[in-house]
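Listed below are the residues making up each chain.
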Amino acid sequence: MANQQLSLLSGEEIKTGALVEQGEEKLFRASTYDLSVGDIIPSGAGISGDSKYSLPPGGMVRVVSKESLKLPDTVTGHVLLKNELCTRGVLAINIGVVDPGFEGPISSTLINFGREACVVEKGTPFLRVSFHRCPQSPKAKASAKYDRETYLKRVKQEVLAYSGPTFLNMDAMTAKAAEKAFVSFKEGLVLWATLVAVLLALLAIFAPLGASYVEKYVVAREQRETQLEQAVEKKLDERYENRLKALSDQVEQLRKATEKPGQRTAPTGKQ
């Protein structure tokens, strides 16, 4: 392998190079190896002893490969998700490059983005690894090396410390959002209740004043109307009296003008 730099290894080279420990013949491909589920670690629990785990929609679960990798200083691994899981709406995160010199199992967090629950079963292939020859680097000596027990303990601690049962911890986020909305609603309700109470208090104070003002205004208006009517009547009376007096004067003048000299108007009444 040292004479063939920067090349992809075939399935036969992967097998003969003992890059995969506890590998199964059926999982060796032409140029890759399919890692299978060995241990299932749900959130908030220890390593599951069940051979199956039902991953609900939006759920997350950590799985550890049954196989362990043992890479020399001149080989690097590239880990990809199996297409079969993608078609079922399941994605794997925290996968990628395996540095030269690494020894130990490979783990991944599976997230169900589908509409239905997905059964994760031990022995099911979930990751595909390709191996590439690369120039030797002294940094490969510092790559991590785990036995299975130590690796499982480390993964379990990570799950307990950081992982939630659902993607983005939707249950907690939903509860928090609902709580925040309720608090906002309660604060808004208190504010509006306070405003209504203040408004009612103001109405209790100003309503009598307003009623008194209206009453005074109505009375004053009626008085003004009465005074106006009296003034109009008085003016009309004065005008009629003046006109009657003027007419009387005119009649008296006409009478005097038509009266003959020495003729007196006979007094009215009985003799």
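Our subject is the structure that appears above.
Residues numbered from 1 in each chain as written. Predicted model: local features only at pLDDT ≥ 70, side-chain atom pairs only at ≥ 80, totals over all residues. Heavy atoms only, no water.

**Q** Just give me the short version of the overall build of the protein chain, but keep the residues and values in it.
**A** When helices and strands are tallied, the protein chain shows four helices and ten strands. Buried residues in the protein chain amount to 27% of all 271 residues. Of the contacts formed within the protein chain by residues at least 6 apart in sequence, a portion of 74% connects residues at least 24 apart. Approximately 18700 Å² of the protein chain is accessible, and the part contributed by carbon and sulfur atoms is 59%. (Helix = DSSP H or I, 4+ residues; strand = E, 2+ residues; numbered from the N terminus. Buried < 20%, exposed > 50% of the residue type's maximum accessible area, 1.4 Å probe, protein only. Contact = heavy atoms within 4.5 Å. Areas by Shrake-Rupley, 256 points an atom, 1.4 Å probe, with all protein chains shown as cover.)

**Q** Please provide a residue-by-residue account of the nonpolar core, values included.
**A** Leu35, Val63, Leu69, Leu110, Val120, Phe126 and Phe131 are the most contacted members of the largest nonpolar core, which has 31 residues in total. If you list the elements that add at least two residues to this core, you get strand S2 (32-42), strand S4 (60-70), strand S5 (75-81), strand S6 (90-93), strand S8 (103-112), strand S9 (118-121) and strand S10 (125-133). Those residues in contact with Val120, other than ones at most four positions away along the chain, are Val37, Ile40, Ser51, Lys52, Tyr53, Leu55, Val61, Val63 and Leu110. Counting six residues, the second-largest nonpolar core is a separate cluster that includes Ile41, Tyr151, Leu152 and Val159. (Core = buried A, V, L, I, M, F, W, Y, C linked by side-chain atoms within 4.5 Å.)

**Q** Quick one: what's the story with the pattern of salt bridges, residue by residue and with numbers?
**A** Summed over the entire model, instances satisfying the criterion amount to twelve salt bridges. Two residues, Asp39 and Arg148, come together in a salt bridge whose shortest N-O distance is 2.8 Å. Of this pair, Asp39 sits in strand S2 while Arg148 is found in helix H3 (residues 148-162), placing the two residues 109 residues apart along the sequence. For Asp39, a relative accessible area of 13% corresponds to the buried category. One salt-bridge network, in which partners are shared between bridges, spans Arg29, Asp34, Lys82, Glu84 and Arg128. (Salt bridge = Lys/Arg side-chain N within 4 Å of Asp/Glu carboxyl O.)

**Q** An account of the pairing of S9 is needed here, citing residue identities and associated values.
**A** On S9, burial follows the alternation: Cys118 and Val120 on one face are buried, whereas Val119 and Glu121 on the facing-out side are not. Sheet topology note: the strand S3 (residues 52-55)/S9 ladder contains four bridges and is antiparallel. What sits directly across from Tyr53, in S9, is Val120. (Pairing = 2+ DSSP bridges.)

**Q** Pulling in residues and values, what's your account of H3?
**A** An ideal rise of 1.5 Å per residue puts 21 Å on 15 residues; H3 measures up with 21 Å between its terminal C-alpha atoms. Within H3, burial applies to Tyr151, Leu152, Val155 and Val159. Taken around the axis of H3, the buried residues stretch over an arc of 95°, which confines them to a single face. For H3, the exposed residues lying more than 90 degrees away from the buried face are Glu149, Lys153, Leu160 and Ala161. One side-chain oxygen of the residue at the start of H3 lies 3.2 Å from the amide nitrogen of Glu149, identifying that residue as Asp147. (Expected span 1.5 Å × (residues − 1). Arc of directions from axis to C-beta. Polar contact = N/O pair within 3.5 Å; in protein donor to acceptor, adjacent residues only side chain to side chain.)

**Q** Got a sec to walk through the packing of aromatic side chains? Specific residues and values, please.
**A** Overall, the coordinates contain three aromatic pairs when judged by the stated rule. Aromatic pair Phe28 and Tyr33: ring centres 4.7 Å apart, planes at 65°, arrangement edge-to-face. With relative accessibility at 16%, the residue Phe28 sits in the buried group. The rings of Phe102, Tyr146 and Tyr151 are connected pair by pair, giving a single aromatic cluster. Of note, Lys15 hangs over the ring of Phe28, and the distance from its end group to the ring centre comes to 5.3 Å. (Phe/Tyr/Trp six-rings, centres within 6.5 Å; stacked < 30°, edge-to-face > 60°. Lys NZ or Arg CZ within 6 Å of the ring centre and 35° of its normal.)

**Q** Please provide a residue-by-residue account of a negative patch on the surface, values included.
**A** Together, Glu229, Glu233, Asp237, Glu238 and Glu241 give the surface a local cluster of negative charge. Tracing the sequence through the fold places Glu229 in helix H4 (residues 170-258). (Patch = residues over 30% accessible without salt bridge, like charges linked within 9 Å, V, L, I, M, F, W, Y side chains within 5 Å. Lys, Arg positive; Asp, Glu negative; His and termini not counted. Charge placed at Lys NZ, Arg CZ, Asp CG, Glu CD.)

**Q** How would you summarise the environment of Asp34 if you had to cite specific residues and measurements?
**A** With respect to the helices and strands, the residue Asp34 is situated in strand S2. Remark: the alpha-carbon pair of Asp34 and Gly23, spanning eleven residues in sequence, is separated by 9.0 Å. Not counting residues up to four positions away in its chain, the partners in contact with Asp34 are Leu27, Arg29, Glu67, Lys82, Pro125, Leu127 and Arg128. Looking at Asp34, its side chain comes within polar contact range of the side chain of Lys82, at 2.9 Å.

**Q** Explain unusual backbone geometry residue by residue, including any values.
**A** Phi at Ala18 is positive, roughly 55°, even though this residue is not glycine. Since its relative accessible area comes to 44%, Ala18 is described here as partly exposed. Within the chain, Asn94 stands out as a residue other than glycine whose phi angle is a positive 50°. Summarising the element assignment, Asn94 is placed in the loop between S6 and strand S7 (97-98). Owing to a relative accessible area of 44%, Asn94 belongs among the partly exposed residues under this scheme.

**Q** How would you summarise the environment of Val20 if you had to cite specific residues and measurements?
**A** Here Val20 is to be found in strand S1 (residues 20-21). Sequence separation between Val20 and Leu71 is 51 residues; the distance between their C-alpha atoms is 8.4 Å. Setting aside residues up to four positions removed in sequence, Val20 forms contacts with Ile14, Tyr33, Glu67, Ser68, Leu69 and Phe131.

Everything listed here is a matter of coordinates, which is why it stays silent on function.
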